[in-house]
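Commentary on secondary and tertiary structure
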Amino acid sequence: MNNIVSLEWLKEKLGEPKLVIADCRFRLDDPDAGLRAYEESHISGAVYMDLEKDLSGEVEEYGGRHPLPDIFAMTVTFARTGISNDSIVVAYDDQGGAMASRLWWLLKYMGHEQVYVLDKGFSAWINEGLPLSTEKKVVQPTTYLATVQHNMLVEMDEVRELLGSEGVTLIDSREAPRYRGEVEPIDRVAGHIPGAINRFWKESLTESGGWKDVAAQTDRFHDLDKNCELIVYCGSGVTATPNVIALQEAGFTKVRLYAGSWSDWISFSNNPIAIGDEEERKEG
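Summarised in this report is the structure supplied together with it. This structure is a prediction, so every number in the text was calculated from the model and none was measured.

Some words on the side chain of S263
Within the secondary structure, S263 sits in helix α10 (residues 261-265). Relative accessible area serves as the criterion here: at 9%, S263 is assigned to the buried category. Among the polar contacts made by the side chain of S263, one reaches the main-chain amide nitrogen of R65 at a distance of 3.0 Å. Side-chain polar atoms of S263 contact the backbone oxygen of G260, separated by 3.3 Å.

Given below as structure tokens:
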């Protein structure tokens, strides 16, 4: 796989000067839990990167619950945490890779090539008895020069313009009941963007919590056309990113993230909302 590295791979790289390990653990219901967990124990040499303080911008009227940081803020964050343009970055969490994938996406968006997500995450690292630390890493600040990949991102107005267009598929990455509008535990409105199909992001993973291999990811998306444009979203642009990785592993190249996602979409009162299952309707 191109974007996922194994526990053994990272163990062998520990201590290399270009390596930056990013601990991205975070809990939506307890925003300080990730930092507390990092301070208690983390992979040796890791720095901590907070979903809301480091990997998101300020929440405003529009933009969703976890808006992207602006480009300058991202370069400052990366430089402060020791990431330079030639760094090899490995991100991990204990949420199935969702938070780590957010950092992966941000770095790719900034033009960074050598960034990976750790397979199976922190719990597996502990279970294998691999090196841990309680010490906060002393970081040598760097400089970071962004080469923004604008083709990776799509904004709300373009999503709205593309609704119903041939050659464009919207992929909702949330759990099926949220997609169908049966429940909505976080956002104020239930449902999905009209025309979107549902591919729950955790289906990127095996039952044991590792990432599925290329063949299995390809099978997940076997019904999608690789010549079509895919727009991936979730609730706030975080758990969509594992699906972006999975699609890349499956060989899809025309994949964009709607970073504002559902929480941004519903902030515009005139945006249409759908409920139910789009694919069942098409089959019917």
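Structural notes on the pairing of strand β12 (residues 255-258)
Every second residue of β12 is oriented toward a common face, with V255 and L257 on one face and R256 and Y258 on the other, all of them buried. Pairing geometry for strand β8 (residues 153-154) and β12, over two bridges, is parallel. Looking at β12, one finds that V154 is bridged to Y258. Taken together, strand β11 (residues 229-233), helix α9 (residues 241-249) and β12 constitute a β-α-β crossover, and its handedness is right-handed.

Quick look at the sheet that holds strand β5 (residues 88-92)
Strand order in this open sheet of five strands is β1-β6-β5-β2-β4, and the pairing throughout is parallel. Looking at the sheet topology across the chains shown, the edges are occupied by β1 (4-5) and β4 (47-48).

Observations concerning the pairing of strand β2 (residues 19-23)
In terms of burial, β2 is a largely internal element, five of the five residues being buried. Judged by which residues are buried, β2 turns out to be covered on both faces: L19, I21 and D23 on one side and V20 and A22 on the other are all buried. Judged from the five bridges that link them, β2 and β5 form a sheet pairing that is parallel. Residue pairing across strands places D23 opposite Y92, the latter belonging to β5.

Comments concerning the packing of helix α4 (residues 98-109) against α9
Two elements in contact, α4 and α9, have axes separated by 8 Å at closest approach and are oriented at 70 degrees. Taken together, α4 and α9 sit at an angle that is classed as roughly perpendicular. Our pair here, α4 against α9, has a crossing hand that is left-handed. Contacts between α4 and α9 involve A98, S101, R102, W104 and W105 from the first element and T241, P242, V244, I245 and Q248 from the second. Here the residues of the contact of α4 with α9 are counted per class, giving six nonpolar, three polar and one charged.

Side note on the nonpolar core
Formed by 69 residues in total, the largest nonpolar core has its most connected members in F78, L103, W105, L118 and L247. Here this core gets nine residues from one element, more than from any other, and that element is α4. Counting 13 residues, the second largest nonpolar core, distinct from the first, contains M156, V159, Y258 and W262.

Considerations on the environment of M74
Position of M74 relative to the elements: it lies in helix α3 (residues 71-80). We classify M74 as buried; its relative accessible area is 1%. When the C-alpha atoms of M74 and L106 are compared, they prove to be 8.2 Å apart, with 32 residues separating the residues in sequence. Filtering out sequence-adjacent residues up to four positions away, M74 remains in contact with P69, L106, Y109 and M110.

What about α9?
What sets the pattern is the α-helix's 3.6 residues per turn: residues three or four places apart point alike. In terms of residue burial, α9 counts as a mostly covered element, since eight of its nine residues are buried. Those residues of α9 lying buried are T241, P242, N243, V244, I245, A246, L247 and E249. Where α9 ends, the next residue or the one after it, G251, has phi of about 95 degrees, a positive value.

A closer look at the packing of aromatic side chains
On inspection of all chains with the given rule, the structure shows eight aromatic pairs. An angle of 55 degrees between the planes, with centres 5.8 Å apart, marks the rings of W9 and Y116 as tilted. Placement of the pair is W9 in helix α1 (residues 7-13) and Y116 in strand β6 (residues 115-118), with a sequence separation of 107 residues. We classify W9 as partly exposed; its relative accessible area is 27%. The interplanar angle of 70 degrees and the centroid separation of 6.3 Å between the aromatic rings of F200 and W201 together place this pair among those described as edge-to-face.

A closer look at the environment of V47
As for its placement among the helices and strands, V47 is situated in strand β4. Linking V47 and R102, residues 55 residues apart in sequence, is a C-alpha distance of 16 Å. Among residues more than four places away in sequence, those in contact with V47 are V20, I21, A22, D23, Y38, T81, K137 and V139.

Overview of the packing of α3 against α4
Where α3 contacts α4, the axes come no closer than 11 Å and their chain directions differ by 115 degrees. Considering their axes alone, α3 and α4 lie roughly perpendicular with respect to each other. At the point where α3 passes α4, the crossing takes the left-handed sense. Seen from α3, the contacting residues are I71, M74 and F78; seen from α4, they are L103, L106, L107 and Y109.

The rules behind these values
- As a convention, each chain's residues are numbered from 1 in the sequence order in which they are written.
- Given that the model is predicted, a residue must reach a pLDDT of at least 70 before its local features are reported, and side-chain atom pairs must reach 80 or more before they are shown or counted; all residues, however, enter totals for whole chains, interfaces and linings.
- Hydrogen atoms and water are omitted, and side-chain values are computed over all heavy atoms in the structure.
- Strands here are runs of E lasting at least two residues and helices are runs of H or I lasting at least four, both read from the DSSP assignment and numbered beginning at the N terminus.
- Remark: exposure states derive from per-residue accessible area (1.4 Å probe, protein chains only) relative to the maximum for the residue type, with buried under 20%, exposed over 50%, and partly exposed in between.
- In the analysis that follows, any N or O atom pair within 3.5 Å is treated as a polar contact, provided that within protein one partner can donate a hydrogen and the other can accept it, and provided that, for residues neighboring in sequence, both atoms belong to side chains.
- Strands qualify as paired when DSSP identifies two bridges or more between them.
- Here the term right-handed applies to a crossover when the path leading from its first strand over the helix to its second strand runs clockwise, the strands being oriented away from the viewer.
- Note on geometry: axes are C-alpha line fits, over the in-contact stretch for helices, and angles between N-to-C directions span 0 to 180 degrees.
- Roughly parallel means an angle under 35 degrees; roughly antiparallel means over 145; roughly perpendicular covers 65 to 115; every other angle is labelled oblique.
- Helix crossings are classified by the rotation of the near helix relative to the far one: an anticlockwise turn of less than a right angle makes the crossing left-handed, while a clockwise turn makes it right-handed.
- Working rule for contacts: check all heavy atoms of both residues, and any pair within 4.5 Å makes them a contact.
- Note on residue categories: nonpolar means Ala, Val, Leu, Ile, Met, Phe, Trp, Tyr, Cys or Pro, charged means Asp, Glu, Lys or Arg, and polar means any other residue, Gly included.
- Take the buried residues of types Ala, Val, Leu, Ile, Met, Phe, Trp, Tyr and Cys, join any two whose side-chain atoms come within 4.5 Å, and each joined set is a nonpolar core.
- Pairing of aromatic rings covers Phe, Tyr and Trp, the last counted by its six-membered ring, and requires centre-to-centre distances within 6.5 Å; plane angles under 30 degrees mean stacked, over 60 mean edge-to-face, and any other angle means tilted.

Function cannot be read off these values alone, since they describe shape.
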